[in-house]
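Understanding the architecture of this molecule
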Amino acid sequence: MNAKILVACANGAGTSLMMKMTAERVTKKLGMGVADIHHCALSEGVSSARQYDIVFAPANFKSMYDDAEKAGVTVIGLRNVLSDKEMEDALVSTGAAEKFKA
């Protein structure tokens with residue numbers, strides 16, 4: 001099963017694109033199957049989060065995705081949105097890395 005991943009930041013421009021590149025590196029390293037990684041602004045992310053399997057957002061905005069999390073989406077708040085290690089650790093600890101193993 002391949003994961004659909006959403007990465008969101010405040011404006012959906014530079015930082016979310018860098019988060020997307022981080023997610024591409026980390027998921028490849030973990031051997032995860034990925035169907036799509038979409039980057040966007042927080043406002044778009046909140047409204048479309050239920051269409052994804054995994055959502056990455058800055059930790060201080062994680063609560064905006066409570067509804068998606070209740071619907072079964074793995075929502076991960078990151079303190080350092082550009083940290084490969086933090087993203088990798090979160091994917092492993094939530095079980096997402098194993099769930100979406102290629």
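Each remark here, short or long, concerns the structure printed above.
The model shown is predicted, which means the values in this text are computed figures rather than measured ones.

Here the focus is the pattern of salt bridges. In total, this model carries four salt bridges according to the counting rule given. With its nearest N and O atoms 2.8 Å apart, the salt bridge here joins R25 to D84. Of this pair, R25 sits in helix α1 (residues 14-29) while D84 sits in helix α4 (residues 84-93), placing them 59 residues apart in sequence. A residue is classified by how much of its surface remains accessible, and R25, at 45% relative accessible area, is partly exposed. Residue classification places D84 among the partly exposed positions, given a relative accessible area of 28%. Between D89 and K85 there is a salt bridge, with the nearest N and O atoms lying 2.8 Å from each other. Here the residue D89 and the residue K85 both occupy positions in helix α4, the gap between them amounting to four residues, near one helical turn. Using a relative accessible area of 56% as the deciding quantity, one classes K85 as exposed.

Scoring rules and cut-offs
- Residues numbered from 1 in each chain as written.
- Predicted model: local features only at pLDDT ≥ 70, side-chain atom pairs only at ≥ 80, totals over all residues.
- Heavy atoms only, no water.
- Salt bridge = Lys/Arg side-chain N within 4 Å of Asp/Glu carboxyl O.
- Helix = DSSP H or I, 4+ residues; strand = E, 2+ residues; numbered from the N terminus.
- Buried < 20%, exposed > 50% of the residue type's maximum accessible area, 1.4 Å probe, protein only.

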